Every structure is written in C-alpha cells, then in structure tokens.
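Coordinate analysis (summary)
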Amino acid sequence: MTAHDKLRVALLGADEESGLLLGALVDDARVGDVYLAERDEKLVAPLTRRWGIIKRTVADWRELLREETVDVVWIAGPLSASPEAAGAALAAGKHVVLAGPPRSAVDLQLLVQAARKAPGRLRVALPHLYNPTVVKARQVVAAGDVGELQLGQALALMPAEAGKTGAKSGLAAAFTAIYVLQDFLGPATSVAASADPGEKLVGATLQHAAALSTLTAGGLDAEARPVQERRLVGTEGTLLLRDDPEDELPLIGLRGEEFIPIPVRVPLHVYPYAVAQAAHALVDSLLAEKDNEETLEAAFQALATARALDESVRSGRRVTVEE
C-alpha cells in the first residue's frame, strides 16, 4: 500500500495509447496526480490540453524516477518495449506497469528478477482480455456450454506500426491474438508458421496441450480499421467472437445447425473501454498489494510463442516453444 490516499503516477511516453490511459486514470478516483515524460512537444501538447490531471511534464523520464511523490511508473510508447526504463524505475523503488510487452521473454524475465529484489511490483497490461466479448466467452466456456475446447482460430489484422511492414507487422499483430488464444487453450507447445509471398500475412498452426489453433496475422494500411476475430470449437459446440463494436452479433454460439446469438453489451469504443478496465484492475492490484502472477505468466507465454513463430517464419520449420 502506498503512503498516500491515492496513487500518483508517472506516465513515460506519449502516443495514442497514452491518451487512452490518461482517460482511464482520470476516471479512477483512486488515482491522484499524474506526471508525464516525453521529449516530443508535439505529442505532449494535445495531452496536456485535454487532461488537466497532468501536474508536471518533463523531457527526460529519469527526472520522474527521482520524484519522491511518484508511486507508479506507467510505461507507454516505444519505451514500453525496452527494459531500461522499467528496470531503473524498479531500482528507484517504484511500482511499474508496462502498457505494452517487452521485446522478448528474456527481457521480461530480467525485469521479473529485478522486481524480486525491489520493493516495487511489476505489472503488464493485457487489455484485450477485458474485451466484453472475450469476458463473456470465457464465462460460457467455464460453464461447459461448448464442452472441452479442441480447436481455436484467430484472425488479427492491425494497422502497421511505424517502421514495420509485411511479415514484421504481422508478427506485431500476432501478440494480441496469441495471448487471447492461450487464455482459452493454454500455452502453445510448438508452432509452424510461414509468410505469404508478398509478406503481408503470417499464417501459423499452434499445438497446445489438448488442442490445436490456427492464426492468421497481418499489417494493414495505417488508416485501416483493425480486425480481430476468433473461433473456439468444443466437443459440444462452437463460439464465434468478433471484436468489431459495430457488429450487432459480437458473440455467436453454434451447436449443430442451431445458431445461438449470445447477448453481450459492447461499448461503441470497445478498445478504449478494454484499456480502461485493464488499468482499473492494475490500480486495484497495486493498492491492495496483490500479486499479479497470472498476467505476467500470460505475457511470458505469449512472448515465447511469438518468438517461436518468428523463428518458424525465418527457418521454415516447426519450432518448439521454450518454457
């Protein structure tokens, strides 16, 4: 527990995700002052104009690590992929939340080891697990309504990140699809993957302990809308999950020839909602000093699978996922 009534947060990095995080922090009554570190003034100005919760902005994130009033360092933007800022924040006695995954499972392991030696706690945000359609599907599966899951299918098409094209962008899109698939089917044990001749799409077959899954991931034009669809096939039925908020039937059950729409209340802006729910859950775990091993384990497993997928694309052979 912090020494204050409210968490005081240093947000490192400004990008589109940072705006969503700030919106979530503003809405959370348990969060007090927010500090922002970002070198690019063009990115800082829109955030400080919109969110009055920002108490102070600095160019160098290291300044905020010396700020005694900061309880939590929330790392977004390009810094979220680097262990340097997170490791320094843990060494400074701060809690750390990564808004995105590190570059590798090795980097995450190093941060976990650093967290074990420091008073602060380490968290990784996995917002797509808080998508209302995914949450409802998890409830349906837990109730046994589709029986034992045997097969999963995922389609993940996302706008290409700066500097990433073709297969590289597809691999970036794959991480989200992987951690959601593994939430239902368990960790993958091996991966066989390839990229299409134009390297716009990556296709993969994943072997899980008691199931198989297929994944198609790719990068779209920067202005395109993301597409996330999933199918879960069990011994008693099938679930079709679609993340598009404009879809009137985001979750459908299929049993034989029976078509079963499953009611799900999905907000119009579903991803900002999922980011907010993930942020609220992380604030809750930090204030309650609860362990968050499940999220760290899910991130580890997804990164290890993504690494195997990358190696399989390059080598053209099936790759075992490292534990």
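Quantities reported herein were computed from a predicted structural model and do not represent experimental measurements.

What counts, and at which threshold
- Residues numbered from 1 in each chain as written.
- Predicted model: local features only at pLDDT ≥ 70, side-chain atom pairs only at ≥ 80, totals over all residues.
- Heavy atoms only, no water.
- Helix = DSSP H or I, 4+ residues; strand = E, 2+ residues; numbered from the N terminus.
- Buried < 20%, exposed > 50% of the residue type's maximum accessible area, 1.4 Å probe, protein only.
- Areas by Shrake-Rupley, 256 points an atom, 1.4 Å probe, with all protein chains shown as cover.
- pLDDT = per-residue confidence, 0-100.
- Contact = heavy atoms within 4.5 Å.
- Expected span 1.5 Å × (residues − 1).
- Phe/Tyr/Trp six-rings, centres within 6.5 Å; stacked < 30°, edge-to-face > 60°.
- Axes fitted to C-alpha atoms, helices over the stretch in contact; angles between N-to-C directions.
- Parallel < 35°, antiparallel > 145°, perpendicular 65-115°, else oblique.
- Left-handed = near helix turned anticlockwise from the far one by under 90°.
- Nonpolar A, V, L, I, M, F, W, Y, C, P; charged D, E, K, R; others polar.
- Pairing = 2+ DSSP bridges.
- Salt bridge = Lys/Arg side-chain N within 4 Å of Asp/Glu carboxyl O.

A few words on the overall build of the protein chain. If you tally the helices and strands in the protein chain, you get nine helices and 15 strands. Going through the 323 residues of the protein chain one by one, you find that 50% of them count as buried. For the protein chain, the exposed surface amounts to about 15600 Å²; the carbon and sulfur share of it is 50%.

Summarising the model, the protein chain shows a mean pLDDT of 86, and 89% of its residues fall at 70 or more. Per-residue pLDDT stays below 50 along residues 162–167; that stretch engages in seven contacts with residues further than four places along the chain or on separate chains.

Across its 18 residues, helix α8 (residues 270–287) extends 26 Å between first and last C-alpha, which sits within 8% of the 26 Å expected from 1.5 Å per residue. Among all positions of α8, only Val270, Ala274, Val275, Ala276, Ala278, Ala279, Leu282, Val283, Ser285, Leu286 and Leu287 are buried.

Here we take up the packing of aromatic side chains. Applying the stated criterion across every chain yields a total of one aromatic pair. Ring geometry for Phe175 and Tyr179: centres 5.4 Å apart, planes at 65°, overall edge-to-face. With Phe175 and Tyr179 both in helix α7 (residues 166–185), this residue pair falls four residues apart, about one helical turn. Both residues of the pair, Phe175 and Tyr179, belong to the buried class.

With that settled, the discussion passes to the environment of Tyr179. Relative accessible area serves as the criterion here: at 4%, Tyr179 is assigned to the buried category. As for Tyr179 and His128, which are separated by 51 residues in sequence, their C-alpha atoms are 8.6 Å apart. Once you skip the residues sitting within four places of it in the chain, Tyr179 turns out to touch Leu126, Pro127, His128, Leu129 and Ala302.

Across the interface, helix α1 (residues 16–27) lies against α8 with an axial gap of 9 Å and an inter-helix angle of 60°. Considering their axes alone, α1 and α8 lie oblique with respect to each other. Of the two elements, α1 crosses α8, and the hand of that crossing is right-handed. Touching Glu17, Leu20, Leu21 and Ala24 of α1 are Tyr271, Pro272, Val275, Ala276, Ala279 and His280, all from α8. A per-class count over the contact of α1 with α8 returns eight nonpolar, one polar and one charged.

Turning our eyes to something else, we now look at the sheet that holds strand β6 (residues 122–124). Strand order across the open sheet formed by six strands is β3-β2-β1-β4-β5-β6, with parallel pairing between neighbours. Only two strands of the sheet have a single partner each, and these edge strands are β3 (54–58) and β6. This sheet shows a mean twist of 20° between the axes of neighbouring strands, independent of strand direction. Sitting on the sheet, helix α4 (residues 83–91) touches β1 (7–12), β4 (72–75) and β5 (95–98), and the angle it makes with β5 is about 160°.

With that settled, the discussion passes to the pattern of salt bridges. Throughout the structure, instances matching the rule amount to 11 salt bridges. Glu67 is the partner of Arg56 in a salt bridge, and the nearest nitrogen-oxygen pair spans 2.8 Å. Remark: Glu67 occurs in the loop between α3 (61–65) and β4 and Arg56 occurs in strand β3; sequence separation between them is 11 residues. Residue classification places Arg56 among the partly exposed positions, given a relative accessible area of 31%. We note a salt bridge from Arg307 to Glu322, for which the minimum N-O separation is 3.8 Å. Note that Arg307 is positioned in helix α9 (residues 293–315) and Glu322 in the segment after β15 (319–320), a separation of 15 residues in sequence.

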